[in-house]
Amino acid sequence: MKILANNLKRQYDLFAQEYEDKAIEVLRSGWYVLGQEVTEFEKEFAAYTGSKYCIGLASGLDALWIGLKAMGVHENDEVIVCANAYIACVMGITINGATPIFVEPDEYDNLDASKIEEKITPNTEAIMPVHLYGQSCDMTAIMDIAKKYNLQVIEDCAQAHGTLWQNKMCGTFGQVGCFSFYPTKGLGGFGDGGAIVTDDASIADFVRMYRNYGSKVRYQNEVVGANSRLEKCKQDYYV
Ligand SMILES: Cc1ncc(COP(=O)(O)O)c(C=O)c1O
């Protein structure tokens, strides 16, 4: 018997009527980028994760690189990441001119916390735990190390929507939690999508501005930002 790793058509069929009703409602609304639907989703997803803020973005990759930028990670900084993480984790770091420092995985294929300290240098700025296959990294050990060395933490939860570590949602331990809504993910959309969650108002403000061409007020652009609005995928700005 052939068992598909993903069967999106089967998942679609389970709730087809609901999806189609909603799609027609959105099409007839005349509003297709950001707007009320995205704002509502951001509120619900923030509440679901137990975060103060959620900002929708165009992809999980964008969540990683824009999240790191909002944390102030830049050239010459080092970010510790699992050696077997997805390419997007590495690109999130290198797009900002920073250097990924690889740590071998543990028996669960996640960042091995016992091997982090030997990789810390004066240039280390952040740790990026990537919660692979729906399983959490050891966030108690990782947060202890971050505290000890005064490092920031950005969690990649692209494969860990709703994953708990000791009853606390993954994505809420560090400064920023990054999510992907690519169709095959735990919470998949009809197309690309992503988000960050954070409790830090200044990070939330920066990401909200940055995703929209660096603009809070129409036609006033404070920084050279990106077009990374949820429901939109335009990926030529970081190459
Ligand atoms: C662990 C991990 N991080 C980041 C990403 C990037 O997400 P996206 O494809 O939405 O850019 C993915 C999935 O593709 C992933 O599995």
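Parameters and conventions
Residues numbered from 1 in each chain as written. Predicted model: local features only at pLDDT ≥ 70, side-chain atom pairs only at ≥ 80, totals over all residues. Heavy atoms only, no water. Core = buried A, V, L, I, M, F, W, Y, C linked by side-chain atoms within 4.5 Å. Buried < 20%, exposed > 50% of the residue type's maximum accessible area, 1.4 Å probe, protein only. Helix = DSSP H or I, 4+ residues; strand = E, 2+ residues; numbered from the N terminus. Contact = heavy atoms within 4.5 Å. Near = heavy atom within 4 Å. Polar contact = N/O pair within 3.5 Å; in protein donor to acceptor, adjacent residues only side chain to side chain. Areas by Shrake-Rupley, 256 points an atom, 1.4 Å probe, with all protein chains shown as cover. Nonpolar A, V, L, I, M, F, W, Y, C, P; charged D, E, K, R; others polar. Pairing = 2+ DSSP bridges. Axes fitted to C-alpha atoms, helices over the stretch in contact; angles between N-to-C directions. Patch = residues over 30% accessible without salt bridge, like charges linked within 9 Å, V, L, I, M, F, W, Y side chains within 5 Å. Salt bridge = Lys/Arg side-chain N within 4 Å of Asp/Glu carboxyl O.

A. Main features of the nonpolar core. Ranked by internal contacts, the top residues of the largest apolar core, which has 48 residues, are Leu111, Ile116, Ile127, Met128 and Ile196. Looking at which element gives the most residues to this core, the answer is helix H4 (residues 60–70), with 7 residues. Leave out the neighbours within four places in its chain, and Ile116 touches Ile80, Val103, Leu111, Ile127, Ile142 and Ile145. Counting residues in hydrophobic clusters, the runner-up holds 10 residues, among them Ala46, Cys54, Cys170 and Phe181.

B. A look at the site of the ligand. Taken together, 15 residues are adjacent to the ligand, and Gly60, Asp156, Gln159, Ser180 and Lys185 come closest. Note that an oxygen atom of the ligand is positioned 2.7 Å from one of the side-chain N or O atoms of Ser180. Residue Lys185 places a side-chain N or O atom 3.1 Å away from an oxygen atom belonging to the ligand. Relative to its unbound accessible surface of 380 Å², the ligand loses 90% to contact with the protein. Counting residues per element, the shell around the ligand draws most heavily on H4, which supplies 3 residues. Partitioned by chemical class, the residues of the shell around the ligand number 8 nonpolar, 5 polar and 2 charged.

C. Seen up close, the sheet that holds strand S9 (residues 194–198). The strand order S1-S9-S8-S5-S4-S2-S3 describes an open sheet built from 7 strands, whose pairing is mixed. Each having just a single partner strand, strand S1 (53–57) and strand S3 (99–103) make up the two edges of the open sheet. In this sheet, adjacent strand axes meet at a mean angle of 25° when their direction is disregarded. In the sheet, strand S5 (residues 152–156) pairs with strand S8 (residues 176–180) via 3 bridges, with the strands oriented parallel. Directly across from Asp156, in S8, lies its bridge partner Cys178. Of the strands in this sheet, S1, strand S2 (78–82), strand S4 (124–128), S5, S8 and S9 are in contact with H4, which crosses S8 at around 160°.

D. Molecular detail of the pairing of S8. Taking burial as the measure, the 5 residues of S8 include 5 buried ones, the bulk of the element. Along S8, one buried face is formed by Val176, Cys178 and Ser180 and the opposite face, lined by Gly177 and Phe179, is buried too. Here S8 pairs with S9 via 4 bridges, running antiparallel. The residue bridging Ser180 from the neighbouring strand is Gly194, located in S9.

E. Molecular detail of the side chain of Ser180. One can find Ser180 in strand S8. Look at Ser180 and you get buried, because its relative accessible area is 7%. Within the structure, the side chain of Ser180 is placed 3.1 Å from the backbone nitrogen of Tyr182, a separation counted as a polar contact. Beyond its immediate chain neighbours, meaning those up to four positions away, Ser180 contacts Gly60, Ala158, His161, Lys185, Leu187, Gly193 and Gly194.

F. Structural view of a nonpolar patch on the surface. A cluster of nonpolar side chains, Leu14, Phe15, Tyr19 and Phe190, forms an exposed patch at the surface whose accessible area comes to about 470 Å². Mapping Leu14 onto the fold places it in helix H1 (residues 8–14).

G. Here's a closer look at unusual backbone geometry. Of note in this structure, Tyr133 is not a glycine but carries a positive phi near 55°. With respect to the helices and strands, the residue Tyr133 is situated in the loop between S4 and helix H6 (139–149). Tyr133 sits in the exposed class, given a relative accessible area of 56%. Phi is positive for Asn150, which is not a glycine, with a value near 55°. Relative to the helices and strands, Asn150 resides in the loop between H6 and S5.

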